[in-house]
Each structure stands twice: as structure tokens, then as C-alpha cells.
Amino acid sequence: MSDSCQPEISGFCGELTVNTKRRYLLALLVLLAISQSGCVHRRMTIRSIPSGALVKVDGDEIGYTPVSVDFTYYATREITLTKDGYETQSVMQKVKTPWYQVFPLDAVSDNLLPFEVTNRHEFTYQLQPKVVVPTEELLNRGNMLRNDTQIGP
């Protein structure tokens, strides 16, 4: 540095010191890491035929079909659908992991992509109408069971 350089800002006179360069680089890396995190958006949509069924995913109510919910990890989920006049349906549904979310690629796709990736899964379930058993038939079944237990094997 020459004596003719009179910096107005301390530490800057056309050249950057090694420590200043490191600080700028660190600040740039931190800013880049913060702005680039969370690049994969995972969303699951559940539909039913007929629509309007109450949906529970892993025991948590999420709404009435059609309904969408964000999720964090891929796994087999217990999906339960309930609607008046229809049989309650419980399904163990596998939510498949896409290739870019498999270790070690997931570290890149979750943190370093310069754009957002949306991973959507859609599931549709056919509900079965509830079978209404006549009262007389239920009474006959009950009486038959009672008789069977009293007679024994």
C-alpha cells in the first residue's frame, strides 16, 4: 500500500485484506445457504368417490375429500375415510420416494437447488355403500349365537 492512499473507509484502499475477503466469502455463503434451503415441497391429495368423506392420516383429521396436505417424510401412511351411509375404509398407503430424494441426493435436492421442486402424490378411493341389515335378521343371528353358547361344543 502506498502512503498516498488515504482511505475514507478504514481497511479499504483498492485492496482487500485476506481477513476481509474471508468475511465477505463467509457472509456470501451464509446468505446463499439461507436463501436456498427447503427446495422440495411435498404434497399429498386424497380424493374419494363419492367426495365429502372425512380423512384421517395417521390418526390426525385433515379435512373432507378432496383434501391436500403437506408432509415432511416419505413412508407408509394409514389413511382412514369415513362418510355417513358408507363403510369406513382404512388403507395402509405407501407414499413412494422419488429418485432425487434418496440418500445422498436428498441433501442436494433439499438444500442446494436454485429452484423449488414440487412432489405431488394423489390417491383416490372408492367408498362402498353401507349394508343395512334388517332388525329381524340381527335378532335371529343373536338368538342363534346365544343358543350355540348354551349348548357348547
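Treat the numbers as computed from the prediction; the structure is a model and nothing was measured.

Caption draft 1: View of the overall build of the protein chain. Counting its secondary structure elements, the protein chain contains 3 helices and 7 strands. N-terminal to C-terminal, the α/β element order of the protein chain is α-β-β-β-β-β-β-α-β-α. Looking at the protein chain as a whole, 24% of its 153 residues are labelled buried. Considering only intrachain contacts with a sequence separation of at least 6, the fraction spanning at least 24 residues in the protein chain is 59%.

Caption draft 2: Up close: the nonpolar core. Formed by 18 residues in total, the largest nonpolar core has its most connected members in Met-44, Ile-46, Val-55, Ile-79, Leu-81, Val-95 and Tyr-125. Only strand E1 (40-49), strand E2 (54-57), strand E5 (76-82) and strand E7 (117-126) provide two or more residues apiece to this core. If we skip the residues at most four places from it in the chain, Leu-81 touches Ile-46, Ser-48, Ala-53, Leu-54, Val-55, Thr-65, Glu-87, Thr-88, Gln-89, Tyr-125 and Leu-127.

Caption draft 3: Quick peek at the pairing of E7. Covered by surrounding structure in E7 are Val-117, Asn-119, His-121, Phe-123 and Tyr-125 only, the residues Thr-118, Arg-120, Glu-122, Thr-124 and Gln-126 on the alternate face being uncovered. Sheet topology note: the E1/E7 ladder contains 10 bridges and is parallel. Directly across from Ile-49, in E7, lies its bridge partner Gln-126.

Caption draft 4: Focus on the environment of Glu-87. Structurally, Glu-87 is set in the loop between E5 and strand E6 (89-94). Classification of Glu-87 by relative accessible area gives partly exposed; the value is 36%. Considered as a pair, Glu-87 and Lys-130 are 43 residues apart in the sequence and their alpha carbons are 4.9 Å apart.

Caption draft 5: Region of interest: unusual backbone geometry. At the junction of Ile-49 and Pro-50, the peptide bond is cis and its omega measures out at 0 degrees in the coordinates. With respect to the helices, strands and loops of the structure, Pro-50 is situated in the loop between E1 and E2. Cis geometry is adopted by the peptide bond preceding Pro-66, which originates at Thr-65 and carries an omega value of -5 degrees. Phi is positive for Asp-58, close to 55 degrees, though the residue is something other than glycine.

Caption draft 6: Spotlight on the sheet that holds E7. Pairing is mixed across the open sheet formed by 3 strands, whose spatial order is E4-E1-E7. In this open sheet, the two edge strands, each paired with only one partner strand, are strand E4 (67-70) and E7. The average undirected angle you get between the axes of adjacent strands in this sheet is 20 degrees.

Caption draft 7: Geometry of the packing of aromatic side chains. Within the structure shown, the criterion is met by 1 aromatic pair. A centroid spacing of 5.5 Å and a plane angle of 85 degrees characterise the contact between Phe-71 and Tyr-74, whose relative ring orientation is edge-to-face. One residue, Arg-77, lies across the ring of Tyr-73, its end atom 4.4 Å from the ring centre.

Caption draft 8: How the structure looks around the side chain of Thr-80. Tracing the backbone through its elements, the reader meets Thr-80 in strand E5. In terms of polar contacts, Thr-80 uses its side chain to reach the side chain of Ser-90, at 3.2 Å. Setting aside chain neighbours within four positions, we find Thr-80 in contact with Leu-54, Val-55, Lys-56, Thr-88, Gln-89 and Ser-90.

Conventions used here
Residues numbered from 1 in each chain as written. Predicted model: local features only at pLDDT ≥ 70, side-chain atom pairs only at ≥ 80, totals over all residues. Heavy atoms only, no water. Helix = DSSP H or I, 4+ residues; strand = E, 2+ residues; numbered from the N terminus. Buried < 20%, exposed > 50% of the residue type's maximum accessible area, 1.4 Å probe, protein only. Contact = heavy atoms within 4.5 Å. Core = buried A, V, L, I, M, F, W, Y, C linked by side-chain atoms within 4.5 Å. Pairing = 2+ DSSP bridges. Axes fitted to C-alpha atoms, helices over the stretch in contact; angles between N-to-C directions. Phe/Tyr/Trp six-rings, centres within 6.5 Å; stacked < 30°, edge-to-face > 60°. Lys NZ or Arg CZ within 6 Å of the ring centre and 35° of its normal. Polar contact = N/O pair within 3.5 Å; in protein donor to acceptor, adjacent residues only side chain to side chain.

Everything listed here is a matter of coordinates, which is why it stays silent on function.
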